Amino acid sequence: MAGALVLIQETIVTSGVSAVTLTGISSSFNVYKVVFNNVVPDTDAQTLKLRVTTSGTPDSDSEYDDGLMIMKSSGAFSFTNGTNQDHIAFTTSGTATGEELNGVLHLFNFQNSSINSFATVEIASLNSSSALRSQTGGFMHTVAEANDGLSFFFDSGNIASGTFKLYGLVK
C-alpha cells in the first residue's frame, strides 16, 4: 500500500494559536484521514473541539451529531452523544508533562454536496489529571453541503503545541 496516503496539509504548532484549520478536501479523493499528535492546550483542563469548514470557514451552525464511547483508566466506561450541537467535543487535556491528545479521524462524503459529511473517531489522551482516556465513535454534520476541511480549537485558551495532518486516501 505504498503511496496510499497523500499528504494534503500539515500544520505544526509550536506557539499558541486559537485554532488549527486543515483544508484541501475536494473530489480528488473519496476518503480523507486526519491525524493529530501531541496536542496540548495552553490552559489546563481544556476540551478539544472541532468544526467542519465550508469554503475554508468553520461552520458554527447547530447541525453536529455524535456518539462516542469513552474508555477510562480511572473509572467506568461511558457513552456520550449529542444532537444539534454547534461543534464536536472530544476529551480534555492538560498542561502537565505528558498530558496531550492524539487521534485519527476518517472523513467520508465531505466533498459531496448532496449528502451529510461524517467521520469515524479514534482518540487516546492523558487528561488534565494524567489519567488515560480513549474515545471511539463517530460524528456527522447534518447538512447536505460540501465541506473542505476541519477546524480544531480548545474551549478556552489556545492550542500551545501539536501536529495536525490531512491526508487523501488513494482511490
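Summary of the structure given here.

From N to C terminus, the chain includes 0 helices and 13 strands. Secondary structure elements in the chain, listed N-terminal to C-terminal, are β-β-β-β-β-β-β-β-β-β-β-β-β. Against the 2.2 N^0.38 benchmark of 16 Å for 171 residues, the chain shows a C-alpha radius of gyration of 15 Å, consistent with a compact globule. Put simply, the chain has 171 residues, and 40% of those count as buried. Sequence-distant contacts, at least 24 apart, represent 73% of the contacts inside the chain between residues at least 6 apart. Carbon together with sulfur atoms contributes 51% to the accessible area of the chain, which is approximately 7,500 Å² in total. Each charge class in the chain can be summarised by its mean position, and for the 7 positive and 15 negative side chains these summaries are 7 Å apart.

By secondary structure assignment, the location of Ser134 is in strand 11 (residues 132-141). With 12 residues separating them along the chain, Ser134 and Glu122 place their C-alpha atoms 7.4 Å apart. Setting aside residues no more than four positions away along its own chain, Ser134 makes contact with Met69, Ile70, Met71, Ile123 and Ala124. Separated by 3.3 Å, the side chain of Ser134 and the backbone oxygen of Ile123 make a polar contact.

Taken together, the 8 strands give an open sheet; going across it, the order is 1-13-3-9-10-11-6-7, and neighbouring strands pair in antiparallel fashion. Here the strands that pair on one side only, and so sit at the sheet edges, are strand 1 (5-13) and strand 7 (78-85). The sheet shows a mean angle of 15° between the axes of neighbouring strands, taken without regard to direction. In terms of strand pairing, strand 3 (residues 31-41) meets strand 9 (residues 101-108) through 7 bridges, oriented antiparallel. Paired with Lys33 across the two strands is His106, which belongs to strand 9.

It is worth spelling out a nonpolar patch on the surface at this point. A grouping of Val6, Ile8 and Val170 is seen on the molecular surface, where their side chains present a nonpolar patch of about 200 Å² in accessible area. The residue Ile8 is located in strand 1 in this model.

This structure, assessed with the given rule, holds 5 aromatic pairs. Between Phe108 and Phe118 the ring centres are 5.2 Å apart and the planes differ by 20°, which places this aromatic pair in the stacked class. One end of the pair, Phe108, is in strand 9; the other, Phe118, is in strand 10 (residues 117-126), with 10 residues separating them in the sequence. Taking relative accessible area as the criterion, Phe108 reaches 25% and is therefore assigned partly exposed. Judged by relative accessible area, which is 30%, Phe118 ranks as partly exposed. Ring geometry for Phe152 against Phe164: centres 5.2 Å apart, planes inclined by 45°, an arrangement best described as tilted.

As a further point, take the environment of Leu68. Among the secondary structure elements, Leu68 is positioned in strand 6 (residues 64-72). Along the chain, Leu68 and Asn81 lie 13 residues apart, while their C-alpha atoms are 6.2 Å from each other.

About the criteria used
Residues numbered from 1 in each chain as written. Predicted model: local features only at pLDDT ≥ 70, side-chain atom pairs only at ≥ 80, totals over all residues. Heavy atoms only, no water. Helix = DSSP H or I, 4+ residues; strand = E, 2+ residues; numbered from the N terminus. Rg over C-alpha atoms; globule rule 2.2 N^0.38 Å. Buried < 20%, exposed > 50% of the residue type's maximum accessible area, 1.4 Å probe, protein only. Contact = heavy atoms within 4.5 Å. Areas by Shrake-Rupley, 256 points an atom, 1.4 Å probe, with all protein chains shown as cover. Lys, Arg positive; Asp, Glu negative; His and termini not counted. Charge placed at Lys NZ, Arg CZ, Asp CG, Glu CD. Polar contact = N/O pair within 3.5 Å; in protein donor to acceptor, adjacent residues only side chain to side chain. Pairing = 2+ DSSP bridges. Axes fitted to C-alpha atoms, helices over the stretch in contact; angles between N-to-C directions. Patch = residues over 30% accessible without salt bridge, like charges linked within 9 Å, V, L, I, M, F, W, Y side chains within 5 Å. Salt bridge = Lys/Arg side-chain N within 4 Å of Asp/Glu carboxyl O. Phe/Tyr/Trp six-rings, centres within 6.5 Å; stacked < 30°, edge-to-face > 60°.

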